[in-house]
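An overview of the molecular structure
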Amino acid sequence: MAKVFSAEEGVSKQINHTQVNALLTVDPVAKHNTAESCWVVLHGAVYDVTEFLPSHPGGSRIILQLAGRDATAEFDPIHPPGTLEDNLPPTAKLGIVDPESLKKLQRQSNTANPAQEAARPPPPLHHLLNLDEIEAVAKTQVSKKCWAYYFSAADDLISKTYNNTVYRNILLRPRVFVDVTKADTTTSILGGAFKLATPLYVSPAAMARLAHPDGEAGIAKGISRFGAMQLVSHNASMSPEQIVAEAKPDQIFGWQLYVQNARAKSEAMLARIAKLPQYKCIVLTLDAPVPSKREHDEKAALEAELLIEASKSEEEKEKAKKRPDSNSGVGQQLFFGTAADLTWDTTLPWLAKHTKLPIVLKGIQTHEDVYLAAQYAKKHPGTVKAVILSNHGGRSLDTAPPAVHTLLECKKYCPEVFDIIEIWVDGGIRRGTDVVKALCLGAKAVGVGRAALYGLGAGGWKGVERTFEILQGEIQTCMKMMGAKDISELGPRFINSRMVERDIFDGGAGLDRTGLWTSRAAKL
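Worth saying up front: this structure is predicted, and the values here are computed from it rather than measured.

Glancing now at the overall build of the chain. Broken down by element type, the chain carries 21 helices and 18 strands. Residue burial in the chain is summarised as follows: out of 524 residues, 54% are buried. Across the chain, every contact between residues at least 6 apart in sequence was considered, and the portion connecting residues at least 24 apart equals 77%. As presented, the chain carries roughly 23,500 Å² of accessible surface, and 55% of it is formed by carbon and sulfur atoms.

Written out as structure tokens, the structure reads:
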């Protein structure tokens, strides 16, 4: 029978790190709550994470807030399985908490993190008729922390709001006397290499298990019957293997890459993705080189911190005052270690050495950078195959332009890029008509991010399925109403974008058309 360590023994001597079956009571665990000796309980096991504090991606403060406590409820939704094994040595596992002590720790954690009022049962999914209704239901079902992270955007949320509003200012021009018995939404991407049943795809959306245990695998399942593509977030809450494990054989995935300061970590992940044939492209994200200020997310974290601190003793509060401060929102935590030194000249050659997959550049926000991407693609065939016009859902730089503006800039200043690389867009999509408008402006594929997460929150994988059912139905209805029998027929004569065109950048093309993309600096 494993020995049970009492409070006195736990204070007077350190647990033998090789005795991983040791049973610990609550008191010795609770006393290890400082930066000098930090223990946490996860799934009933006790871990010494003292040495890990300086390198934790979310900073040390979030761990120290939970030191000496059961941190399982905080840990699970935002960490893929295998996180402990990948980051802690076996000696960090000190033992297990005896059942009675574990119950006491869990009661303490519940006091520090009181549950929200019991959510009312959601209405049947088929009663939800649009994305606004799905979002409203999701808000009632997920935690405050989850909602704050998903809903939040940079500063005053101007870009987030305008991403959608701009589509309202584009009018449709329906044609009549056309046989629209059917509307074919099939398309192909990455130079025709992969066929999709719909141009609608899921943009990288982090921390899906915050909304529902189905997580990113649930998103994959929910969109599977629509033949849609899923771009998986670098900060997914499930492993890349888990996400595709039960996917349909012909289902298409892409992997988002945030390049890390420790390039070896990025290289290891690229090698890992290369072994998974379901992933067909690498999506290099460029619109978030540094963390932004997302006040809803940060405020939710601060409120949670107050609840935790209020449950602590005066001695623990004094110790907490001496800890170094750090930003504690989920978004801030996820950016730890992200490189801010990416350049055309260094990053793309490095990436091409470590992946044979097509590269998609995500977060392009000006026609100049689309043009440079096209020039690079011409000079280095087989590398950059597409760009995603995106302002990160308004989550990076507030008042950055919506994708529609950049699309119109390209049509005005460098229309030749549409013949060189594919242009995908995301941000602000709330209706199938929004998707069709983007396609008419030249987009090859159109992504949704929050919509998939809200669907997950409203009803797990079935909520995601309902979200895509709504959007796909609206896309097909719109095409039929306009007189377009398939995606290839969509074009600028189906829309009136004059109201938006008057607001796009009007400072001239500013392009170097010699083909020497490296000489851009003197021309911009």
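Once that is clear, we can look at the pairing of strand β5 (residues 45-48). Side chains A45 and Y47 of β5 all project onto a buried face; the interleaved residues V46 and D48 project onto the opposite face, where all are buried too. In this sheet, β5 lies alongside strand β4 (residues 37-42) in antiparallel orientation, the contact comprising four bridges. Across the sheet, the residue bridging to V40 is Y47, located in β5. Connecting β4 to the next strand, β5, in antiparallel fashion are two residues, including H43 with a positive phi near 55°.

By the secondary structure assignment, L351 is in helix α16 (residues 347-354). For the pair L351 and L284, spaced 67 residues apart in sequence, the C-alpha to C-alpha distance is 9.1 Å. When sequence neighbours within four positions are dropped, the list of residues in contact with L351 reads L257, L270, I282, L284 and I359.

What follows covers helix α9 (residues 158-168). Restricting attention to buried positions, one finds in α9 the residues S159, K160, N163, N164, V166 and Y167. For α9, the buried positions fall inside an angular range of 155° around the axis, keeping them on one side. In this structure, the buried side of α9 is in contact with α8 (144-151), α18 (403-413), β16 (422-426), α19 (432-440), α20 (450-482) and α21 (498-501).

Before going further, it helps to spend a moment on the sheet that holds strand β13 (residues 279-285). Reading around the circumference, β10-β11-β12-β13-β14-β15-β16-β17 is the order of the eight strands in this closed barrel, with parallel pairing throughout. In this sheet, neighbouring strand axes are inclined to one another by 30° on average, regardless of whether the strands run parallel or antiparallel. Here four bridges tie strand β12 (residues 253-257) to β13, and the two strands are oriented parallel to one another. Across the sheet, residue Q256 finds its bridge partner in β13, namely V283. Across the sheet, helix α10 (residues 215-223) touches β10 (200-202), β11 (229-232) and β12, and the angle it forms with β11 is around 165°. The strands touched by α16 within the sheet are β12, β13, β14 (359-364) and β15 (384-389), with β13 carrying the most contacts at an inclination of about 155°.

Glancing now at unusual backbone geometry. Unusually for a residue other than glycine, H43 sits at a positive phi of about 55°. Within the secondary structure layout, H43 lies in the loop between β4 and β5. A positive phi angle is found at T399, which is not glycine, with a value near 75°. Along the chain, T399 falls in the loop between β15 and α18. Of the residues examined, T399 reaches a relative accessible area of 58% and is grouped as exposed.

Right, let's get into the environment of I420. Here I420 lies in the loop between α18 and β16. In sequence terms I420 and A374 are 46 residues apart; their C-alpha atoms lie 6.0 Å from each other. Once residues within four sequence positions are removed from consideration, I420 is found in contact with A374, A377 and K378.

Further remarks concern α16. For α16, the full list of buried residues reads T347, L348, W350 and L351. With its buried residues spanning 160° around the axis, α16 presents them on a single face. Summarising the contacts, the buried residues of α16 are in contact with β12, α12 (263-274), β13, β14, α17 (367-379) and β15.

Here we take up the environment of E36. Of note, E36 is situated in the loop between β3 (33-34) and β4. The sequence separation of E36 and E51 amounts to 15 residues, and the corresponding C-alpha distance is 8.9 Å.

A side chain of one charge can pair with a side chain of the opposite charge when the charged atoms of the two come close. Counted under the stated rule, the structure contains 12 salt bridges. One salt bridge connects R225 with E465, and the closest N-O pair in it is separated by 3.0 Å. In this pair, R225 is assigned in the loop between α10 and β11 and E465 in helix α20, connecting sequence segments 240 residues apart. On the basis of relative accessibility, which here comes to 45%, the residue R225 falls in the partly exposed class. For D506, the salt bridge identified is with K412, shortest N-O distance 3.1 Å. Taken together, the positions of D506 in the segment after α21 and K412 in helix α18 put the pair 94 residues apart, joining distant regions of the chain. Since its relative accessible area comes to 63%, D506 is described here as exposed. Here the salt bridges do not stand alone but share partners, grouping R225, E465, R466 and E469 into one network.

Glancing now at the packing of helix α7 (residues 131-141) against α20. One can describe the packing of α7 onto α20 by two numbers: an axis separation of 10 Å at closest approach and a directional angle of 170°. One element, α7, and the other, α20, form an angle in the roughly antiparallel class. In the crossing of α7 with α20, the sense of the turn from one axis to the other is right-handed. From α7, L131, I134, E135, V137, A138 and Q141 reach across to α20, where they touch A451, Y454, G455, G457, A458, R466, T467, I470 and L471. Residues of the contact of α7 with α20, tallied by class, amount to nine nonpolar, four polar and two charged.

The share of residues in the chain with pLDDT of 70 or more is 81%, and the mean pLDDT across the chain is 85. Per-residue pLDDT stays below 50 along residues 322-327; that stretch engages in 12 contacts with residues further than four places along the chain or on separate chains. Low confidence marks residues 516-524, where pLDDT is under 50. Its contacts with residues over four positions away, or in another chain, come to 17 contacts.

So, how was this worked out
Residues numbered from 1 in each chain as written. Predicted model: local features only at pLDDT ≥ 70, side-chain atom pairs only at ≥ 80, totals over all residues. Heavy atoms only, no water. Helix = DSSP H or I, 4+ residues; strand = E, 2+ residues; numbered from the N terminus. Buried < 20%, exposed > 50% of the residue type's maximum accessible area, 1.4 Å probe, protein only. Contact = heavy atoms within 4.5 Å. Areas by Shrake-Rupley, 256 points an atom, 1.4 Å probe, with all protein chains shown as cover. Pairing = 2+ DSSP bridges. Arc of directions from axis to C-beta. Axes fitted to C-alpha atoms, helices over the stretch in contact; angles between N-to-C directions. Salt bridge = Lys/Arg side-chain N within 4 Å of Asp/Glu carboxyl O. Parallel < 35°, antiparallel > 145°, perpendicular 65-115°, else oblique. Left-handed = near helix turned anticlockwise from the far one by under 90°. Nonpolar A, V, L, I, M, F, W, Y, C, P; charged D, E, K, R; others polar. pLDDT = per-residue confidence, 0-100.

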